[in-house]
Amino acid sequence: MKLSDLQQHFFNALLNQENNFKNYVVDQGALNVEQRINIYQNAYKARLIESIETDHEILGYYLGDHLFDEMAQGYIKAQPSNNRSLRHFSNQLPEYLKITHPFKEHPVLSELARFERYLLDVFDAADAERATLEYLKLIPEHDWADMKFRLHPSAQLFTSEYNCVECWQALKANQPPPKPINQLHSWLIWRNHDQLTEFVSLEAMERQMLEMMLTGETFANICNELATVMAEDEVSLFSVQRLINWLDKGIVRSLITE
Amino acid sequence: MTLDMLQQTNNFLGFGLGLRTQHFQEVITNQPNIDWFEILSENFMVAGGKPRYYLDRIKERYPIVMHGVSLSIGSTDPLDWNYLKQLKTLINHVDPPWFSDHLCWTSFKQINSHDLLPLPYTDEAIKHLSERIRIVQDFIGKPMLLENVSSYLSFKDSEMTEWEFLNTIRRESGCFILFDVNNIYVSSRNHDFDPMDYINGIDVDSVLQIHLAGHHDFGSHIIDTHDHDVCDSVWELYERTLRRFGPVSTMIERDDNIPELNELISELDQARNIYRNVFSNLSSENPTTKPAGLIE
């Protein structure tokens, strides 16, 4: 038999899609052929389930063993791994939870999974230098209006329609999660100077500022936008305070003045 | 030849461990008595963050070799150039003396099993693998080692033993062998062959690295779990492996139920003691074997 045909039969058996594979396996020793194939079938599932458990620990607590197992088995069947690294196996889990019964009836689950994916992305995002307050001080006042920003590669904005982060925090602290509530909320997630992942709740104006920084708007344009929703004499204090705070947290990669 | 002279032999790194996240900080802080580390390549093929941060600090102090699990050299899928480019980028960054992966296949039609699946030992497979290994070695530009895997089934199609298969691929492709003594023991129990036939069936100049590990023995069969200490039978085979292949860089793999670093170092000391016992008795004129030479 051609190598490619044998591999096709093996893979079909691994995914429980055929029974013919046993005809190509040597019957020997204390284990029969089915038991030998089972070792590979079990290992395949166990490895993928372990990967979901590792990456979505808090989602697992939220669901409990029975529902977690239903989700994991269903996801493995629906979404065979197409990435060489298990780190990315659960990339589609938030979408799976969003469209699959019974999980789709509880939108907080998909959001919780999405939040955990963000934490993973932040954990191994690219490294980069970070701008500091001292660097900001060196920029002449007349250059501030045209100043643009690059955020650290790990900085992510996360918006939730439910209180999924509060649920995550409660479960992480071994507390029962609050009831899911429909509430729009924004978060900033990043990796700090000590390589630890942090997240913080954002006010609407803070989110607006960060979104404009990400799209390359100048400091003047950002301030003009803020002035449409807050008193003009508050804009300078608000924007500079936030900028200093984000520089301190290591969220800003560079200040661009040319 | 004295023990010191043997240790200075080309390619002999000494006694290493698999670098695991649990031990990152301790390795940096205490700089323990470990000669080198092996990293799992895929764990560090990320843009940045903690793994890369620690890797960069540890590689300043220790030699590092790279060990992959998803090259899928035996698959009939086309080679994954995206993966190979990422691997080469990491290799250029780490600058290991060699890199390794497994004599197996892991993916088919772009779906990954995340397992080290066995191959049929056929001429077709030899030709297929040898060609692909040559391409990968040429692209990466570093010596490549292939590791024998533990297996739980064998194919009616096989035309030769695993060691004949591995040895032929090694000769035809120009790669080297990462000799996993535990895997030989596991497979010998699962497929009822004499592990010494395997050890004696491999060319003496082909082995550049040895893996030692623990497993789970179910009586009727053994599963390669890397979650136990190295067992006595594997230590005995290790001694016989050294006697055949000479001084070969040796390391212990532990992937689950990972103990404190000190415990692993104690286990590594057992390998060092066996090594000393084997080579302190060698005559000063000629060792019976010579270590493998690297591609220039």
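Computed from a predicted model, the values in this text were never measured in an experiment.

Considerations on the pairing of strand β12 (residues 249-252) of chain B
All names here are of chain B.
Part 1: By the alternation rule, side chains of β12 split into Ser249 and Met251 and Thr250 and Ile252, which are all buried.
Part 2: Pairing geometry for strand β1 (residues 15-18) and β12, over three bridges, is parallel. Note that in β12 the partner of Leu17 across the bridge is Ile252.
Part 3: Here strand β9 (residues 207-212) pairs with β12 via four bridges, running parallel. Counted as the bridge partner of Ile210 is Thr250 from β12.

Quick look at the sheet that holds β9(B)
Residue and element names in this part refer to chain B.
Part 1: Pairing is parallel in the closed barrel, where eight strands are placed in the order β1-β2-β3-β4-β7-β8-β9-β12. Across the sheet, the axes of successive neighbouring strands diverge by a mean angle of 30°, strand direction being ignored.
Part 2: For strand β7 (residues 144-147) and strand β8 (residues 176-180), the ladder comprises three bridges, and the chain directions are parallel. Across the sheet, Glu147 pairs through a bridge with Leu178, a residue of β8.

Re the interface of chain B and chain A
Part 1: Each partner contributes residues to the interface: chain B has 36 residues there, and chain A has 39 residues.
Part 2: The element that contributes the greatest number of residues to the side of chain B that touches chain A is strand β6 (residues 111-117) of chain B, accounting for six residues.
Part 3: For the side of chain B that touches chain A, the residue count by class is 14 nonpolar, 14 polar and eight charged.

Some points on the UniProt feature "domain: Putative DNA-binding" (unreviewed entry) in chain A
Part 1: Here the UniProt-annotated "domain: Putative DNA-binding" (unreviewed entry) positions come out as residues 6-97 of chain A.
Part 2: Regarding residues 6-97 of chain A, the helix share stands at 64% and the strand share at 0%, and the terminal C-alpha atoms are separated by 35 Å.

A few points about unusual backbone geometry
Where the residue is not glycine, phi is negative for most of them; where a peptide bond is considered, it is trans in most cases.
Part 1: A:His101 connects to A:Pro102 through a cis peptide bond whose omega is 0°.
Part 2: Here A:Pro102 is to be found in the loop between α4 (93-99) and α5 (107-123).
Part 3: Here the phi dihedral of B:Gln31 falls at roughly 40°; this positive angle occurs in a residue that is not glycine.
Part 4: By secondary structure assignment, the location of B:Gln31 is in the loop between α2 (24-30) and β2 (36-40).
Part 5: Of note in the backbone geometry, B:Lys109 takes a positive phi value of approximately 50° without being a glycine.
Part 6: Inspection of the secondary structure assignment puts B:Lys109 in the loop between β5 (105-108) and β6.
Part 7: Exposure remark for B:Lys109: the 13 C-beta atoms within 10 Å place this residue in the partly exposed category.

Calculation rules
Residues numbered from 1 in each chain as written. Chains lettered and ligands numbered in written order. Predicted model: local features only at pLDDT ≥ 70, side-chain atom pairs only at ≥ 80, totals over all residues. Buried ≥ 20, exposed ≤ 12 C-beta atoms within 10 Å, placed from the backbone. Helix = DSSP H or I, 4+ residues; strand = E, 2+ residues; numbered from the N terminus. Pairing = 2+ DSSP bridges. Axes fitted to C-alpha atoms, helices over the stretch in contact; angles between N-to-C directions. Contact = placed C-beta atoms within 7 Å. Nonpolar A, V, L, I, M, F, W, Y, C, P; charged D, E, K, R; others polar. UniProt positions renumbered as here; feature names shortened; annotations may be inferred.

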